[in-house]
Amino acid sequence: MFQDNPLLAQLKQQIQENLPKKEGTIKATDKGFGFLEIDSKNSVFIPPPYMKKSMHGDKVVAIIRTENEREVAEPLELIEPALSRFIGRVKLHKGKLNVAPDHPQLKKQPLKAKVQKGLDPNTIAENDWVVAQLTRHPLKGDNGFFVEITHKITDADDKIAPWWVTLAENDLPNQEPAGIENWEQKDDPALVRVDLTDVPFVTIDGASTQDMDDALYAKRTESGDFELTIAIADPTAYITPDDQMDKVARERGFTIYLPGRNIPMLPRELADNLCSLREGEVRPALCCTVTVAQDGTLQDDIRFFSAQIQSHARLVYDHVSDWLELGESSDWTPSDEIAQVVRDLYAFSQARISWRETHAVVFPDRPDYRFELSEDNDVIAIHADMRRSANRLVEEAMVTANVCAGKVLQQQFGTGVFNVHDGFKTERIADVIALITEHGMNDHNDETVKTLAGFSALRRWLATQDTSYLDNRIRKFQSYSEISNQPAPHFAMGLDVYATWTSPIRKYGDMINHRLLKSYIMGKPPVQMPDEQVGEELAIHRKHHKIAERSVGDWLYARTLAEEPQKQTRYHAEIFDINRAGMRVRLLENGATAFIPAPLIMDNKERIECHADQGYIYIDKALVYKLGDTLEVTLNEVNQENRNIIAKPTAVFAEPPQNDISETA
């Protein structure tokens, strides 16, 4: 009889208005209760009855009251739901449709569901992958949670699920864009293409690469300098800014590269055929020539022009590397002409590497981990591919080409699509100085590290250190690279200006730069100017692509390593992150990332200290592990459902360590 009493409702409202309120994020537990995370240091307990109106990840306003001498929170108002559009798996409960969100903290909370109008419910079965939309939430006055299935992604047992689910989760396309029946070149009549079909250009790519977008030629002069020519595939010969395909390319931003497959930015007929610089095929190209001195210095004779070129040799990274490093390749024997081109290209790359090591920044060599898949999408092997001589050769040619484009676009237009990096975050510069001073670097101060020269010198000093500890620490203080329509330095590379144009069939920003460079060649106003939004759009695309690549990788690693805990296989692992709960490591044999919780390092929590800020782990006050250390581990658990890998060191400390093992770990 009290249920609809207006006086009681009014009294309850008055009490709520007088109670303190806090804004925070819901953190759920497996035991039914949760916490209101107000900030990184403050949280309030949420009893199980109050948790029924919210879910993990909801951002809410909650009433804070005292119950049984304990401060508790009751969610009152929804600010932002944890779910809106989400990926989940179908669960049938007593014949009723439910969806369990694909999230570690939400999987055990299936939500009542229905299918969207027009979607056949008979096509949906237990554990199928679907996209759903949250339509009801208790904190919005609704009677419980409810979702609507908008479409099915794939069947429960589909081995291709890691790719399709990940792409759907990031709202990315899962196939190439539709092409047209007849592609025609649409060059401006004022654009003259030079015939360079007799020049022995070569392409150097992976054995399976189809979208070959760069061809190279170098000739050493009598003075010892290098005349370098870079030819780049030219899709803007077929696509104008007004074409529908240009809008599609901008919406996609980049070709999506995932383990085992890619989804092209442009139709494959263009990317893999008409624009691909195939051996023996005449192709339109945008070219750049520049002289590189013996010491690797770029000269001022940068020249861009359009051409028709023909690749004289389709070369493979490993074959060329074997030939350069071993003197021969069992898979490739070049003609005298091609052999000389490759020798000159290699000598050029050595000169540029030497220059960059002295004047700019060269990243340390790390393997690229590659999944080899069977036809039915099982992982056959995981390869650790090191960057070899041929890879570095092509990399130096591309860096050189992009520096040249950056200089020309900056001088001629003051705009373009530039890759920029600001160096250190302003608020962390004092931390950088304190850290390097502590470790013996006294040549820098707050002002010098703000300059390109000072930042580059610091990065070069870090590269000389015996361990990667300082590098791991200092990277956390760096800003993120950005894409901008305004020229600015790229601190992380140690370069004054950098504008990519070398992958236009894979990057929309490179297509914009192609059009600007063509306008410069013709001496005409640009047909397309990069607006302020394009950099933000491309940055968002790049972020989602990286998340998708990592997500598919995590899925495949979990699938591949599922039996390893039983086998107790030993791996070498490198520590790349330390937090208060433990440390994250990368398995050097295959590239998988794993978490080592503190209790698996030392089961007595009073004896172990994990310092995220310092990047150290102590046991009984003695330093045991630090960022950059390597250690031997076995896998403790592989959770395929959550795609998580838990590892543990093979050396477990039951007694206090006698010394600091971090130098030998």
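Residues numbered from 1 in each chain as written. Predicted model: local features only at pLDDT ≥ 70, side-chain atom pairs only at ≥ 80, totals over all residues. Heavy atoms only, no water.

Engineer: Mind showing me how you'd approach the overall build of the protein chain here?
Structural biologist: Secondary structure summary: the protein chain contains 15 helices and 29 strands in total. For 665 residues, the compact-globule formula gives about 26 Å, and the C-alpha radius of gyration of the protein chain, at 29 Å, lands near that figure. For the protein chain, contacts bridging at least 24 residues in sequence account for 66% of all contacts bridging at least 6. Surface summary for the protein chain: the accessible area is close to 32800 Å², and the carbon and sulfur share equals 46%. On the protein chain, the mean spot of the 76 positive side-chain charges and the mean spot of the 103 negative ones are 6 Å from each other. (Helix = DSSP H or I, 4+ residues; strand = E, 2+ residues; numbered from the N terminus. Rg over C-alpha atoms; globule rule 2.2 N^0.38 Å. Contact = heavy atoms within 4.5 Å. Areas by Shrake-Rupley, 256 points an atom, 1.4 Å probe, with all protein chains shown as cover. Lys, Arg positive; Asp, Glu negative; His and termini not counted. Charge placed at Lys NZ, Arg CZ, Asp CG, Glu CD.)

Engineer: It is not clear to me how the environment of A113 should be interpreted in this structure. Could you clarify?
Structural biologist: Along the chain, the position of A113 falls in strand β8 (residues 111-115). Take A113: its relative accessible area is 11%, and that puts it in the buried class. Along the sequence, A113 and F146 sit 33 residues apart, while their C-alpha atoms lie 5.7 Å from each other. Look past the residues within four positions of A113 in its chain and what remains in contact with it is L97, N98, V99, F146, V147 and I149. (Buried < 20%, exposed > 50% of the residue type's maximum accessible area, 1.4 Å probe, protein only.)

Engineer: Looking at this model, I keep getting lost on the packing of aromatic side chains. Mind explaining?
Structural biologist: Scanning all chains against the criterion turns up 12 aromatic pairs. When the ring of Y616 is compared with that of Y618, the centres are 5.9 Å apart and the planes differ by 75°; the resulting orientation is edge-to-face. An identical accessibility class is assigned to Y616 and Y618; each is buried. Above the ring of F45, the side-chain terminus of R70 is found at 3.8 Å from the ring centroid. (Phe/Tyr/Trp six-rings, centres within 6.5 Å; stacked < 30°, edge-to-face > 60°. Lys NZ or Arg CZ within 6 Å of the ring centre and 35° of its normal.)

Engineer: Teacher, can you tell me more about the sheet that holds strand β26 (residues 616-619) here?
Structural biologist: Within a sheet, neighbouring strands are paired by backbone hydrogen bonds and run either parallel or antiparallel to one another. The strand order across the open sheet formed by 3 strands is β25-β26-β27, and the pairing between neighbours is antiparallel. Two strands lie at the open edges of the sheet, namely β25 (608-611) and β27 (622-626), each paired on one side alone. Taking each pair of neighbouring strands and ignoring which way they run, the sheet shows an average axis angle of 25°. Relative to β26, β25 runs antiparallel, the two being bridged by 4 bridges. Paired with H611 across the bridge in β26 is Y616. (Pairing = 2+ DSSP bridges. Axes fitted to C-alpha atoms, helices over the stretch in contact; angles between N-to-C directions.)

Engineer: Just checking my understanding: could you explain the nonpolar core for this structure?
Structural biologist: Taken as a class, soluble globular proteins show a tendency for nonpolar side chains to be buried jointly. With 84 residues, the main nonpolar core has F304, I309, L315 and W501 as its most contacted residues. A per-element tally of this core places helix α8 (residues 389-412) first, with 12 residues. In this structure, V432, Y557, Y571 and L631 belong to the second largest nonpolar core, which totals 64 residues. (Core = buried A, V, L, I, M, F, W, Y, C linked by side-chain atoms within 4.5 Å.)

Engineer: Where do I start with the layout of surface pockets in this structure?
Structural biologist: Any space left empty among the atoms is revealed by the rolling of a water-sized probe across them. In this structure, the second largest pocket encloses a volume near 370 Å³. Lining the second largest pocket are 21 residues; nearest its centre among them are L298, W355, V403, K407 and D496. Looking at which element gives the most residues to the lining of the second largest pocket, the answer is α8, with 5 residues. Looking at the lining of the second largest pocket residue by residue, the classes come out as 10 nonpolar, 7 polar and 4 charged. (1 Å grid on protein atoms, 1.4 Å probe; cavity = no way out; pocket = protein on both sides within 12 Å on 5 of 7 lines; lining within 4 Å. Points joined across faces, edges and corners; volume = space filled by probe spheres on them. Nonpolar A, V, L, I, M, F, W, Y, C, P; charged D, E, K, R; others polar.)

Engineer: So what exactly am I meant to see when it comes to the pattern of salt bridges here?
Structural biologist: Pairing is possible between side chains of opposite charge, provided their charged atoms come close. Per the counting criterion, the structure on display carries 43 salt bridges. For the salt bridge of D102 with K107, the shortest nitrogen-to-oxygen distance reads 2.7 Å. Here D102 and K107 have matching classes, each one buried. The partner of D234 in a salt bridge is R193, and the shortest N-O contact between them spans 2.6 Å. With D234 in the loop between β13 (226-233) and α4 (244-252) and R193 in strand β11 (residues 193-205), the pair connects residues that are 41 residues apart, well separated along the chain. On the accessibility criterion, D234 (0% relative accessible area) is buried. Owing to a relative accessible area of 15%, R193 belongs among the buried residues under this scheme. (Salt bridge = Lys/Arg side-chain N within 4 Å of Asp/Glu carboxyl O.)

Engineer: Hey, could you run me through the domain arrangement of the protein chain in this one?
Structural biologist: Accessible area lost on assembly of the parts is the figure often given for the size of an interface. Per the domain assignment, the segments making up the protein chain are domain 1 (6-80), domain 2 (89-158), domain 3 (194-422 + 479-552) and domain 4 (562-649). Placing the centre of domain 1 and that of domain 4 at their C-alpha centroids yields a distance of 35 Å. (Domains from an automatic or database assignment.)

Engineer: Explanation requested: the side chain of D225 in the structure shown.
Structural biologist: Within the fold, D225 resides in the loop between β12 (214-220) and β13. No salt bridge is formed by the buried D225, whose closest oppositely charged neighbour, R220, lies at an N-O distance of 7.3 Å. Here D225 is in contact with K219, R220, T291, V292, A293 and Q294, once residues within four sequence places are set aside.

Engineer: Explanation requested: the side chain of S54 in the structure shown.
Structural biologist: Turning to its location among the elements, S54 is positioned in the loop between α2 (48-51) and β4 (59-67). Residue class for S54 comes out buried when judged on its relative accessible area of 1%. Apart from the residues within four sequence positions on either side, S54 is in contact with I26, P75, Q109, H137, L139 and F145.

Engineer: I'm lost on the sheet that holds β8 in this one. Help?
Structural biologist: An order of β6-β7-β8-β10-β9 is seen for the 5 strands of this closed barrel, with the pairing classed as mixed. Each strand axis lies, on average, 55° off the axis of its neighbour in the sheet, ignoring direction.

Engineer: Looking at this model, I keep getting lost on helix α13 (residues 532-560). Mind explaining?
Structural biologist: One turn of the α-helix equals 3.6 residues, which is why residues spaced by three or four share an orientation. Helix length check: α13, at 29 residues, gives a terminal C-alpha distance of 43 Å against a target of 42 Å (1.5 Å per residue), a fit within 8%. Where α13 begins, one side-chain oxygen reaches toward the backbone nitrogen of Q533, 3.0 Å away; that side chain belongs to D531. (Expected span 1.5 Å × (residues − 1). Polar contact = N/O pair within 3.5 Å; in protein donor to acceptor, adjacent residues only side chain to side chain.)

Engineer: Would you mind going over the packing of helix α6 (residues 317-326) against α8 with me for this structure?
Structural biologist: Interaxial distance between α6 and α8 falls to 7 Å at its minimum, and their mutual angle equals 105°. Between α6 and α8, the interaxial angle falls into the category roughly perpendicular. Within the contact between the two elements, α6 uses Y317, V320, S321, L324 and E325 and α8 uses S389, A390, N391 and V394. Split by residue class, the contact of α6 with α8 holds 5 nonpolar, 3 polar and 1 charged. (Parallel < 35°, antiparallel > 145°, perpendicular 65-115°, else oblique.)

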